[in-house]
Amino acid sequence: MNSRSPLPHLRRMLHVGPYGGELPVALRAAASVAVPMLVLWATGHLEWSLYATFGAFTSLFGRTVPIRPRLVMQVQAGAVLVASVLVGTLIAVLASAVPGTGWVVVPVAALWATGVAIVSHRLRWHPPGPLFPVFALGACSSVPAGAGSLVVALAVAVAAVLFALALTAALARFEPGPAPATRAPSATGPEWTLSHYLVRYAAGVAVAGAIATAVGHPYWAMVAAVVPMSAPDASGALMRAAQRLAGTLVGVLLAWALLTAGPPPLVVIAVAALLQAGAELYVGRNYAVAMLFITPLALSMTHLAHPVPVAGLVSDRAVDTLIGVVVAVVITLLTHERRQDAAG
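Quick summary incoming for the structure in this document. Along every chain, residues carry numbers that run from 1 in the direction the sequence is written. Only residues with pLDDT of at least 70 are given local features in this predicted model, and only at 80 or more are side-chain atom pairs given and counted; all residues enter the totals for whole chains, interfaces and linings. Values shown for side chains rest on all heavy atoms present in the structure; no hydrogens or waters enter the calculation.

Here the focus is the overall build of the protein. Summing up its helical and strand segments, the protein has 13 helices and 0 strands in all. Counting from the amino terminus, the protein carries its helices and strands in the arrangement α-α-α-α-α-α-α-α-α-α-α-α-α. Between buried and exposed lies partly exposed: a residue is buried under 20% and exposed over 50% of the maximum accessible area for its type, with that area taken using a 1.4 Å probe on protein chains only. Each of the 344 residues in the protein was classed as buried or not, and the buried ones make up 50%. By sequence separation, contacts in the protein at least 24 residues apart represent 82% of the contacts at least 6 residues apart. All accessible areas in this document rest on Shrake-Rupley with a 1.4 Å probe, and a residue is counted as covered only by the protein chains that are shown. With the model as given, the accessible surface of the protein reaches about 14600 Å², and the carbon-plus-sulfur share is 74%. Numbered from the N terminus, helices here are DSSP runs of H or I no shorter than four residues, and strands are runs of E no shorter than two. The contact rule is simple, with two residues in contact once any of their heavy atoms fall within 4.5 Å.

Each neighbour pair has its own omega, and for H126 with P127 the value is 0 degrees, a cis peptide bond. Within the secondary structure, P127 is located in the loop between α5 (105-122) and α6 (131-141). Phi is positive for R124, which is not a glycine, with a value near 60 degrees. Position of R124 among the secondary structure elements: in the loop between α5 and α6.

Below, the discussion takes up the packing of helix α3 (residues 49-56) against helix α12 (residues 287-305). Two elements in contact, α3 and α12, have axes whose closest approach is 8 Å; the angle formed by their N-to-C orientations is 145 degrees. The segment α3 lies against α12, with S49, L50 and T53 engaging M301, T302, L304 and A305. A class-by-class count of the residues in the contact of α3 with α12 yields 4 nonpolar, 3 polar and no charged. An axis is simply a line fitted to the C-alpha atoms; with a helix, the fit covers only the stretch in contact. Between two such axes, the angle follows the N-to-C directions and lies from 0 to 180 degrees. Residues are grouped as follows: Ala, Val, Leu, Ile, Met, Phe, Trp, Tyr, Cys and Pro are nonpolar; Asp, Glu, Lys and Arg are charged; every other residue, Gly included, is polar.

Here the focus is the pattern of salt bridges. Salt-bridge detection follows one rule: a side-chain nitrogen of Lys or Arg within 4 Å of a carboxyl oxygen of Asp or Glu. Counted by the stated rule, this structure contains 1 salt bridge. R63 is the partner of E280 in a salt bridge, and the nearest nitrogen-oxygen pair spans 2.9 Å. Residue E280 is found in helix α11 (residues 265-282), and its partner R63 is found in the loop between α3 and α4 (67-97); the two are separated by 217 residues along the sequence. Its relative accessible area of 6% is what places E280 among the buried residues. By relative accessible area, which is 17% here, R63 ends up buried.

This part covers the nonpolar core. Here the nonpolar core consists of buried residues drawn from Ala, Val, Leu, Ile, Met, Phe, Trp, Tyr and Cys, with membership extended through side-chain atoms lying within 4.5 Å. Ranked by size, the top nonpolar core spans 81 residues in total, and within it F54, V85, F135, L299 and M301 carry the most contacts. Residue contributions to this core peak at 9 residues, all from helix α9 (residues 218-229). Sequence-distant contacts of V85, that is, excluding residues within four places in its chain, are made with Y51, F54, A136, C140, A153 and A157. By size, the runner-up hydrophobic cluster in this structure holds 5 residues, among which are A26, A30, A273 and A277.

Quick look at the structure:
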């Protein structure tokens, strides 16, 4: 068969890895999202749901390591997620007070992505990279906020982090015991120099965000740019980019079908919990399939906190994802060629 045939790459993109006992982790992740959301629903404060959701994402870290280092990793990641929520909310407060300053999120997110990427690789987080912190910063910056929102964001995000940590500690005995060898590799050597971070993250996020600012929500483009760059090599980055785009394009259709039906908030919360579980079941086995869950989950949470016309919401997500993926692919190819030349 011709080595240039796209079939092997297509098979790799669609291949679903074997089940590895992810169900207990998936159920814990679903509970981490659902319980804070139910509390906000019961108290009539669903507009705070983004703050709770990003705090709940603490539970997604460290699934491949034993319980003690997992809790340490989750404390670290939870602190960064809370800080990301606060920075994003601060930008939202600024944008509400001074119209026309929303663009500030792009350079701030670029610097934030770089700093978090360095911390993530140095501390060997799993999953690696600044995906969730950049998502938290960008999403929170897009929701109108007043000065009092900073206190609310801090309290809700911290409460969600603490609940996620408590669930991790309480349910650890029911989860499969991971091998320490599965931890992410150390971020050392020429592959992870400061210039590498600046090019892959700062430049990628800044370019994707700047382009997307003119057409939609820049944070979706910035997140889409970050995802492929977190892969350890160019081949993995290109595959992750293809899976991100394909999964998102199908996922927005699922989100459109869900949100145009106009379900009550309690139904949206229940569906979001199921989607979170589905994402955890597949994120390590096939990223494209995981995006079928992640995309409607993200759009549902965004719509719940700040309702907007559904058609515009899903179309912006699709276009901005395309922008971010294209930027990530271009930067990956350019930096890959440069590293090859340097190695030669």
